[in-house]
Amino acid sequence: MSSAAAAYSTRRAVDESDLAACFQVRKDVFVGEQQVPEEIEYDAHDARAVHVLAVAADGTALGTGRLLHGAAAAGRTGGDLTVGSLGRLAVTREARGLGVGAALVRAIEEEARALGLAGVDLHAQTHALGFYERLGYVAYGPEFPDAGMPHRAMRRVL
């Protein structure tokens, strides 16, 4: 990726084209690269989640993530309604190493603050623990499988 293309911004996904871009990034990364079955990649939570999108200066989608809150997040946060659940964080192969993932996490945290949430939980693939630790997340609980890959729960207080 050229240095000119390295300029990007993050925003809340607002319309159908934004959502389509989010879902395409997830399909490329999770279904295409990680072999997650497509039927479990998309779920009923997508309709109510807050989605964020990272886009290059030319409008190309570089990454996405989503925030669940309220009842939708309770199953992932131990029932704590003051905590949101960050998930489906994905960065395209071409955009990795540019800080896009960290920018998306911060954008999701801003959305969580705007909703009045006190913290954000996530389920990290174990190879990504260091990435989230550098962003202030702390792992808790045992390792568990999700979509056939080992994960740990993590939380950051906002």
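Being a predicted model, the structure only gives us computed values, none of them experimental.

1. Quick look at the overall build of the protein chain
Of the regular secondary structure elements, the protein chain holds five helices and seven strands. Secondary structure of the protein chain in N-to-C order comes out as β-α-α-β-β-α-β-α-β-α-β-β. Reported as C-alpha extents along the three principal axes, the dimensions of the protein chain are approximately 40 × 35 × 30 Å. Here the protein chain holds 158 residues, and 44% of them are scored as buried. Restricting to contacts in the protein chain with at least 6 residues of sequence separation, those with at least 24 account for 61%. A total accessible area of about 7700 Å² is found for the protein chain, and carbon and sulfur atoms account for 54% of it. Measuring between centres, the 16 positive side-chain charges of the protein chain sit 4 Å from its 20 negative side-chain charges.

2. Some points on unusual backbone geometry
Within the chain, Q35 stands out as a residue other than glycine whose phi angle is a positive 60°. Summarising the element assignment, Q35 is placed in the loop between α1 (16–33) and α2 (38–41).

3. Digging into the side chain of E111
In this fold, E111 is placed in helix α4 (residues 100–114). Only 3.1 Å separates the side chain of E111 from the side chain of R12, close enough to count as a polar contact. Look past the residues within four positions of E111 in its chain and what remains in contact with it is R12, V50, V52 and L67.

4. A closer look at the pattern of salt bridges
Considering all chains together, one arrives at 15 salt bridges under this definition. One salt bridge connects R12 with E111, and the closest N-O pair in it is separated by 3.1 Å. Taken together, the residues R12 in strand β1 (residues 8–12) and E111 in helix α4 connect sequence positions 99 residues apart. The partner of E33 in a salt bridge is R96, with the nearest N and O atoms 2.9 Å apart. Of this pair, E33 sits in helix α1 while R96 sits in the loop between β4 (83–91) and α4, and the two are 63 residues apart along the sequence. For E33, a relative accessible area of 30% gives the class partly exposed.

5. What about the sheet that holds strand β6 (residues 138–146)?
Spatial strand order, β1-β2-β3-β4-β5-β7-β6: seven strands in an open sheet with mixed pairing. For this open sheet the edge positions go to β1 and β6, each flanked by a neighbour on one side alone. Across the sheet, the mean angle separating the axes of adjacent strands is 25° when strand polarity is ignored.

6. Quick notes on the packing of aromatic side chains
For the structure on display, the rule yields three aromatic pairs. A centroid spacing of 5.5 Å and a plane angle of 80° characterise the contact between F23 and Y42, whose relative ring orientation is edge-to-face. Within this pair, whereas F23 is found in helix α1, its partner Y42 is found in the loop between α2 and β2 (50–56), the two being separated by 19 residues in sequence. Summarising the aromatic geometry, the rings of Y132 and Y137 are spaced 6.0 Å apart at their centres and angled 75° between planes, so their arrangement reads as edge-to-face. This pair shows no difference in class: Y132 is buried, exactly as Y137 is.

7. As for the environment of A7
Position of A7 relative to the elements: it lies in the segment before β1. Sequence spacing of A7 and L98 is 91 residues, and the spatial spacing of their C-alpha atoms is 9.0 Å. The residues touching A7, leaving out its near neighbours within four places in the chain, are V55, A56 and A57.

8. Considering the nonpolar core
By size, the foremost hydrophobic cluster in this structure holds 26 residues, and its most contacted members are L86, Y132 and Y137. Mapped onto this core, the elements with two or more residues apiece are β2, β3 (61–68), β4, α4, β5 (119–125) and α5 (129–134). Discounting residues that sit within four places of it in the chain, L86 has contacts with R66, L67, V105, I108, V120, D121, L122, H123, Y132 and Y137. Within the second largest apolar cluster, 12 residues are counted, among which are A21, C22, L53 and A61.

Rules of the game
- Residues numbered from 1 in each chain as written.
- Predicted model: local features only at pLDDT ≥ 70, side-chain atom pairs only at ≥ 80, totals over all residues.
- Heavy atoms only, no water.
- Helix = DSSP H or I, 4+ residues; strand = E, 2+ residues; numbered from the N terminus.
- Buried < 20%, exposed > 50% of the residue type's maximum accessible area, 1.4 Å probe, protein only.
- Contact = heavy atoms within 4.5 Å.
- Areas by Shrake-Rupley, 256 points an atom, 1.4 Å probe, with all protein chains shown as cover.
- Lys, Arg positive; Asp, Glu negative; His and termini not counted.
- Charge placed at Lys NZ, Arg CZ, Asp CG, Glu CD.
- Polar contact = N/O pair within 3.5 Å; in protein donor to acceptor, adjacent residues only side chain to side chain.
- Salt bridge = Lys/Arg side-chain N within 4 Å of Asp/Glu carboxyl O.
- Pairing = 2+ DSSP bridges.
- Axes fitted to C-alpha atoms, helices over the stretch in contact; angles between N-to-C directions.
- Phe/Tyr/Trp six-rings, centres within 6.5 Å; stacked < 30°, edge-to-face > 60°.
- Core = buried A, V, L, I, M, F, W, Y, C linked by side-chain atoms within 4.5 Å.

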